[in-house]
Amino acid sequence: MIKFLFKGILRDKSRSLLPIIITAIGVSLTVFLSGYIRGAMGDMIDLNARFETGHMKVMTQPYLKNKDQMPNDLALLEVSDLMDKLNLDFPEISWEKRVRFGGLVDSPDSTGLTKSQGPAAGLAIDLFSENSKEVDRMNLAPAIVQGRIPQKAGEALISEDFSQKIKAGLGDDVTFVGSTMNGSMAFQNFNIVGTVRFGSAAMDKGAIIIDITDAQNILDMEDGAGEVLGYFPNDVYDNDEAEAIAASFNADYKDSEDEFAPIMQSLKQQNGLASLLDYADVMSGMFVAIFVFAMSIVLWNTGLLGGLRRYQEYGIRLALGEAKGHIYKMMISEAVLIGILGSILGSIIGLAGVYALQVYGIDISQFAPQNNMLMPNIIRAKVTPDLFYIGFIPGVFAMVLGTALSGIGIYKRETATLFKELEV
Amino acid sequence: MKQAIKLAYRNLIGAGLRTWLNVSVLSFSFVVILFYNGLIDGWNKQARRDTIEWETGNGHLTHHLFDPFDPYTILDGHASINDLDVSDLNPVLVRQASIYPEGRMLTVALKGIKPNQSALKLPTQMLDTNCTEIPLLIGQNMARSSGLRKGDIALLQWKDKNGTLDAADAIIVDVFKTTVPTIDGGQLYTSINRLWEITNLKNEATFLIANKDYNGSGNIENWVFKTQDELLATLDKVIATEKASGSIFYILLMLIALLAIFDTQVLSIFRRQKEIGTYMALGMTKSQVVKLFTIEGLMYSILAMIVGCTWGIPILNYFANNGIPYPIDNMDDFGISISSIMYPIYSLKLILGTVIAVVISATIVSYLPARKITKMNAVDALKGKLQ
Amino acid sequence: MKYAIILLAILGFSFAPQQYPNADTIIKNIDDNMYSNSLISTSKMTIYGKRNNRTITSKSYTQGSTKSFTEYLAPAREKGTKMLKLEDKLWIYSPSSDRTIQISGHMLKQSLMGSDLSYEDMMDERELTDIYNAKVTGSEVIDGRKAWVIALTAKVTDATYAKQKVWVDQERYVPLRQDMIAKSGKLLKRVTLSNVQKISGRWFPKKMNYKDMLKQGKGTDFEFVSIQFNPKIPVHIFSKASLKK
């Protein structure tokens, strides 16, 4: 039976091709938009993940309690062992060490005395490693206003507004004054090789970015780091997976007596992001539902019209002796087949689109006001498991429903009328 | 032309159910487009609305030495408000302080505000209390990072106007939840009267928040007025970026509507081949027939918009005014679930833009399949032979 | 009768309660012991951190109450760092960066080397009698020594601590404990002085513990290794040039 229907569809291209194409288009739109919404909603979360929380974050327990103070005296030590362990246990995750610190940036005059100084928030990330993803993750390159990213020890980036405030720019030497992990005073000269725009007023007022090895040196944090952040491949957050990883990691330290034992938290567990995540989920769910509903109506209409179109054919078949019920069943089966074919085709196209968007993104720099670190001007989508079946809802069910409704006409009309409906 | 319009109209009405089916689908898409975009606009603007309600009010009259991002300016950035007309202004005094929850020291900004103020959504009325301890109001993020909960007592240390240290017990009278993090972290709110008492800085303020009725706009002596827009500049930049990505939504949604029209047109042309043949036999040129079908397609969209407006406007209006409530389950330490309300925003630009876009694209989409007519053989069409 | 009254009067006098000594006198005696026009000292500061303890050795030159120069000698991290205080300005020189940085404004609130002492605490060198009215309120025994308890109340408006309470060794006129108190009466900081020895004819507490009473922790220990009272200090020591060398 299916073979027969299949053949019918393949042979009668003019009749079935169109519905399949329309279904495919509709389904691909549904899939694409759903993926896109998820990506767009994820923007806020993405921002937090890249800068603050990672998808997972490891800190010592005391550091966690005081984390808003950035207490480097409570930082993780023997971090290379920790990183080895993390890479062994969870190899698919990118683990990055970072140090956040605060202090003063002092700009000297020609005699070496203070010309101007200002408080600065410090961020130390892996800038020098060859395969480091941190530069991309922080959207550093597009956010550079002048100069370049530091390439060797002693080089630093400062925020553009800050550079103007303390009148120190490209090529100038400044001195960072802060506290080491132990509380000693830390003084270190840096050469400004670039300025950057953060996109947040607080950071733009005073911030300095250096490589993590520099931070470890000046803050006396030998083999130490304030925090270790973990990121899923493709930067797509999976909450269930993150919580599982965190639980598994924490279980290893459950009985540890070391008061500075590390603890891992998933993104959702940090910073009250739980409500934001739920909000994003609810919003995107709502949007997708509306879209699927709208698409369904359109495809229902298609199915309806498709059925109405073939009254002549049904009339002939009825006249030839085919039972009404049989015709109806055949209609439905055909619709199912068309629906499935169209949905498969549409889903493939839609998924390809979403995936391309996820990997490459759309660059909207020319439309957006300014390039900065916090808001990358690349739109991305997100492939989620439900994208694989979401297209089938409008694709199959709506089609079938439409066809079923139009099929009712068969029962209502006289055979002769059907016959004549589309007169030869 | 006029004839074509009349004919097109009669065809549509004559087709009866089929027409109304298509029109209702199209009108539904039309309303959905508006609703959707309104929702997205509203979602983007929500952040702005929240910031206004919780932080900026109608603008800030700020002491000229005070820079909210530079804690070093707190010490000197304040002055007396005795000479100011404060009928629509709410004074806030900021001082640096330290709080010691469980023996740890946290440096904070202590902000004194009038308990009965109405410029911001902060639940400051909770600060109107006669307890011996200093009443404090904190945000949820502050509560989380300090470990303080409602009812907790901790030692607060500050300096009075001469730099003399003082310390006393403070009690957390309430913890508020907000979507505006900038008023939350590292800040404690207390009654400004109490703050005046303990610092001896009577009647002084660091900045004043203007409420809705504030009419002044300029700077006054030591005070600089920052308008609401100035204060929201950074946020507005973010929203502008979001808008660019929002336009992709718009395009995708338009495609649904256009798909519906296209679908209808193709099928209708296919079905009405005999009719087309008849027109041509009666003397209409092919291009006239094409024009007829194009106008029919256009009319679908116009009818759809009229129908859409009829049932859509009341619904959209309702949501715009009352918002869409949705519950967020907040399973954190406090176990409170907040119900939030989302307000869609329909700008005139959105509505007009959609109308024009639908009309233009509907015309194009109707025209494209109609071109097939030009390739039809009139005689075969008349006979009803499928081509 | 007249005779009895006179006798009673005389008797009454001798049974009058013994007056506490004049507080100002006591404080003057402390000043005589503790302060000198100039001072050269070597000391060790032990900071008890959450994870480990650090001991920093330094050599200080002080002239009056307005000039002071300190060079840090150990450990290696700190070695070569120098601090100069002139009036109300503070400069720090770091050898690793070869820079002299001025510390001012709110940076002064920062803790010195992570100790319980802030730069600000070091800056106020006014004599106690300039800031406070002193009054003896009693007598207690501390660390086995009999001590006068003196209550200090601020007589200027810009005193950092509204009140202080000092326990002074009655025999040696050396403070054994100093409490810094807020306006509300809360105890903010406590200095405990011990290891009192006679040096060049003065009684001097060679060990001091400085503790922020609001925080947890052990506070910070200061120990004098050597003290020279009233030496002649070359003027150039108190100049920015000596920061470089």
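Residues numbered from 1 in each chain as written. Chains lettered and ligands numbered in written order. Predicted model: local features only at pLDDT ≥ 70, side-chain atom pairs only at ≥ 80, totals over all residues. Heavy atoms only, no water.

**Examining the overall build of chain B**
Note the following rule: Numbering of helices and strands runs from the N terminus, with a helix taken as a DSSP run of H or I at least four residues long and a strand as a DSSP run of E at least two residues long. Radius of gyration here uses only the C-alpha atoms, and the compact-globule reference equals 2.2 Å multiplied by the residue count raised to the power 0.38. Relative accessibility under 20% of the residue-type maximum defines a buried residue, over 50% an exposed one, and the middle range a partly exposed one, all with a 1.4 Å probe and only protein chains included. Note on definitions: a residue-residue contact is assigned when non-hydrogen atoms from the two residues lie within 4.5 Å. Each accessible area is a Shrake-Rupley result for a 1.4 Å probe, and residues are judged covered by the shown protein chains and nothing else. By the counting rule applied here, Lys and Arg register as positive and Asp and Glu as negative, while His and the ends of each chain are not counted. Charge placement uses NZ in Lys and CZ in Arg. For Asp and Glu, CG and CD serve respectively.
For chain B, the count of helices and strands is 10 helices and 13 strands. Relative to the globule expectation of 21 Å for 387 residues, the C-alpha radius of gyration of chain B, 32 Å, shows a markedly less compact shape. Over its C-alpha atoms, taken along the principal directions, chain B stretches across nearly 105 × 45 × 30 Å. Looking at chain B as a whole, 54% of its 387 residues qualify as buried. Here the contacts in chain B between residues at least 6 apart in sequence split such that 75% fall between residues at least 24 apart. Summing over all exposed atoms, chain B offers an accessible surface of approximately 17300 Å²; the carbon and sulfur share of this is 59%. Each charge sign in chain B was given a centre, from 35 positive and 34 negative side chains, and these centres are 22 Å apart.

**A few points about the domain arrangement of chain B**
In plain terms, the rule: Note that the domain bounds were set by an automatic or database domain assignment.
For chain B, the domain assignment lists domain 1 (2–52 + 234–383) and domain 2 (60–224). Computed over C-alpha atoms, the centres of domain 1 of chain B and domain 2 of chain B are 52 Å apart.

**Brief notes about the interface of chain A and chain C**
Rule in force here: Buried area: the sum, over both parts, of the accessible surface (1.4 Å probe) that disappears when the two are put together. Each salt bridge in this description consists of a side-chain nitrogen of Lys or Arg and a carboxyl oxygen of Asp or Glu lying within 4 Å of one another. We call two N or O atoms a polar contact when they sit within 3.5 Å, provided that within protein one can donate a hydrogen and the other can accept it, with sequence-adjacent residues counted only if both atoms are side-chain atoms.
Taken together, the contact pairs 30 residues of chain A with 22 residues of chain C. Of the roughly 2100 Å² buried at the junction of chain A and chain C (both faces included), carbon and sulfur atoms supply 52%. A per-residue breakdown of the area chain A buries against chain C is headed by A:Asn182, A:Met185 and A:Phe187, which together make up 30% of the total. With a shortest N-O distance of 2.6 Å, C:Arg99 and A:Asp106 are connected by a salt bridge. Taken together, chain A and chain C are joined by 13 residue pairs in polar contact (both at pLDDT 80 or more). Among the secondary structure elements, those contributing two or more residues to the side of chain A that touches chain C are strand S3 (94–108), strand S4 (114–125), strand S7 (173–179), strand S8 (185–196) and helix H9 (212–218) of chain A.

**Side note on the pairing of S4(A)**
Residue and element names in this part refer to chain A. How we decide: The pairing criterion for strands is at least two bridges between them, as found by DSSP.
Bridge analysis of S3 against S4 gives 10 bridges, and the strand direction is antiparallel. Residue valine 105 lies in a different strand from S4, and its bridge partner there is glycine 118. In this antiparallel pair of consecutive strands, S3 and S4, the connection spans five residues, and glycine 112 shows a positive phi of 95°. Here S4 pairs with strand S9 (residues 207–211) via five bridges, running parallel. Of the residues in S9, the one forming a bridge with alanine 121 is alanine 207.

**Focus on helix H12 (residues 311–319) of chain A**
Considered for burial, the residues of H12(A) that qualify are A:Tyr311, A:Glu313, A:Tyr314, A:Gly315, A:Arg317 and A:Leu318. Two residues or fewer past H12(A), A:Gly321 is found with a positive phi of approximately 110°.

**Some thoughts on a nonpolar patch on the surface**
Residue and element names in this part refer to chain B. Inclusion rule: Residues qualify for a patch when their relative accessible area is over 30% and they have no salt bridge, like charges being joined within 9 Å and the nonpolar side chains of Val, Leu, Ile, Met, Phe, Trp and Tyr within 5 Å.
Taken together, Phe262, Ile356, Ile360, Ile364, Tyr367 and Leu368 make up a surface patch of nonpolar side chains, about 540 Å² in accessible area. Counting residues per element, the nonpolar patch draws most heavily on helix H9 (residues 348–370), which supplies five residues. Within the secondary structure layout, isoleucine 356 lies in helix H9. Taking the relative accessible area as the measure of exposure, isoleucine 356 reaches 47% and is therefore partly exposed.

**Regarding the pattern of salt bridges**
Going through the model one piece at a time under the given rule, you end up with 22 salt bridges over all chains. Across the pair C:Lys186 and B:Asp169 runs a salt bridge whose closest N-O atoms are separated by 3.5 Å. Of this pair, C:Lys186 sits in the loop between strand S10 (175–181) and strand S11 (187–199) while B:Asp169 sits in strand S7 (residues 165–176), placing the two residues on different chains. Look at C:Lys186 and you get partly exposed, because its relative accessible area is 28%. The class of B:Asp169 is partly exposed, set by a relative accessible area of 32%. A cluster of three or more residues bridged by salt bridges with shared partners is formed by A:Glu96, A:Arg98, A:Glu134 and A:Arg137.

**A word on the packing of helix H1 (residues 2–15) of chain B against helix H8 (residues 286–322) of chain B**
All names here are of chain B. Quick reminder of the rule: Whenever a helix is involved, its axis is fitted only over the stretch in contact; in every case the axis is a line through C-alpha atoms, and angles between N-to-C directions fall within 0 to 180 degrees. Handedness of each helix crossing follows the sense of rotation of the near helix against the far helix: counterclockwise by less than a right angle gives left-handed, clockwise gives right-handed. When residues are grouped by polarity, Ala, Val, Leu, Ile, Met, Phe, Trp, Tyr, Cys and Pro land in nonpolar, Asp, Glu, Lys and Arg in charged, and all others, Gly among them, in polar.
The contact between H1 and H8 brings their axes to 9 Å, and the two run at 65°. Our pair here, H1 against H8, has a crossing hand that is right-handed. Packed against H1, whose contacting residues are Ala4, Ile5, Leu7, Ala8, Tyr9, Asn11 and Leu12, the element H8 presents Leu292, Ile295, Glu296, Met299, Tyr300 and Leu303 at the interface. Split into classes, the residues belonging to the contact of H1 with H8 amount to 11 nonpolar, one polar and one charged.

**A few points about unusual backbone geometry**
Glycine aside, a negative phi is what most residues show, and trans is what most peptide bonds show. Residue C:Pro75 follows C:Ala74 across a cis peptide bond; omega there is 0°. Among the secondary structure elements, C:Pro75 is positioned in the loop between strand S3 (67–74) and strand S4 (82–86).

**Observations regarding the packing of aromatic side chains**
Selection rule: Side-chain rings of Phe, Tyr and Trp (the six-membered ring for Trp) are treated as a pair once their centres are within 6.5 Å; stacked means planes under 30 degrees apart, edge-to-face means over 60, and tilted covers the remaining angles. We count a charge as sitting over a ring when the NZ of a lysine or the CZ of an arginine lies within 6 Å of the ring centre and within 35 degrees of the ring normal.
All chains considered together, the criterion is met by 12 aromatic pairs over all chains. Ring centres of B:Tyr318 and B:Phe319 lie 5.5 Å apart, and the angle between their planes is 65°; this geometry places the pair in the edge-to-face category. B:Tyr318 gets classed as partly exposed once you look at its relative accessible area, which sits at 48%. Note on B:Phe319: relative accessible area 24%, which makes it partly exposed. A connected cluster of aromatic rings, assembled from ring pairs, spans B:Trp54, B:Phe176 and B:Tyr189. C:Arg172 extends its terminal NZ or CZ atom over the ring of C:Trp203, reaching a point 4.1 Å from the ring centre. Here the guanidinium or amino end of C:Arg202 rests over the ring plane of C:Phe229, the centre of that ring lying 4.3 Å away.

**Let's talk about the environment of C:Thr192**
Residue and element names in this part refer to chain C. Mapped onto the fold, threonine 192 is located in strand S11. The exposure class assigned to threonine 192 is partly exposed, which follows from its relative accessible area of 30%. Along the backbone, threonine 192 and lysine 244 are 52 residues apart, and their C-alpha atoms lie at a distance of 35 Å. Not counting residues up to four positions away in its chain, the partners in contact with threonine 192 are Leu176, Lys207, Met208 and Asn209.

**Quick look at the nonpolar core**
To keep it simple, the criterion reads: Here, nonpolar core refers to any group of buried Ala, Val, Leu, Ile, Met, Phe, Trp, Tyr and Cys residues whose side-chain atoms link them within 4.5 Å.
With 73 residues, the main nonpolar core has B:Tyr36, B:Ile276 and B:Ile373 as its most contacted residues. It is helix H6 (residues 233–271) of chain B that contributes the most residues to this core, 13 residues altogether. Counting residues in each nonpolar core, the second largest holds 53 residues, with C:Ile92, C:Met107, C:Met113 and C:Ile227 among its members.

**Notes on helix H13 (residues 324–359) of chain A**
A turn of α-helix holds 3.6 residues, and therefore any two residues three or four places apart point the same way. Formally: Multiplying 1.5 Å by the helix residue count minus one yields the expected span of that helix.
Taking 1.5 Å per residue as the helical rise, H13(A) with its 36 residues ought to reach 52 Å, and the 51 Å between its terminal C-alpha atoms agrees with that figure. Following H13(A) by one or two positions, A:Gly361 adopts a phi angle in the positive range, close to 75°.

**Notes on the side chain of B:Glu296**
Residue and element names in this part refer to chain B. Note on placement: glutamate 296 falls in helix H8. A residue is classified by how much of its surface remains accessible, and glutamate 296, at 1% relative accessible area, is buried. Excluding residues that lie within four positions of it along the chain, glutamate 296 makes contacts with Ala8, Asn11, Leu12 and Arg272.

**Here's the deal with the side chain of B:Ser146**
Residue and element names in this part refer to chain B. Structurally, serine 146 is set in helix H3 (residues 140–146). The class of serine 146 is buried, set by a relative accessible area of 1%. Among the polar contacts made by the side chain of serine 146, one reaches the main-chain carbonyl oxygen of methionine 142 at a distance of 2.8 Å. Those residues in contact with serine 146, other than ones at most four positions away along the chain, are Pro101, Arg104 and Leu106.

**Observations concerning a negative patch on the surface**
A contiguous patch of negative charge, built from A:Glu78, A:Asp81, A:Asp84, A:Asp258 and A:Glu259, is present on the exposed surface. Mapped onto the elements of the fold, A:Asp81 is located in helix H4 (residues 79–89).

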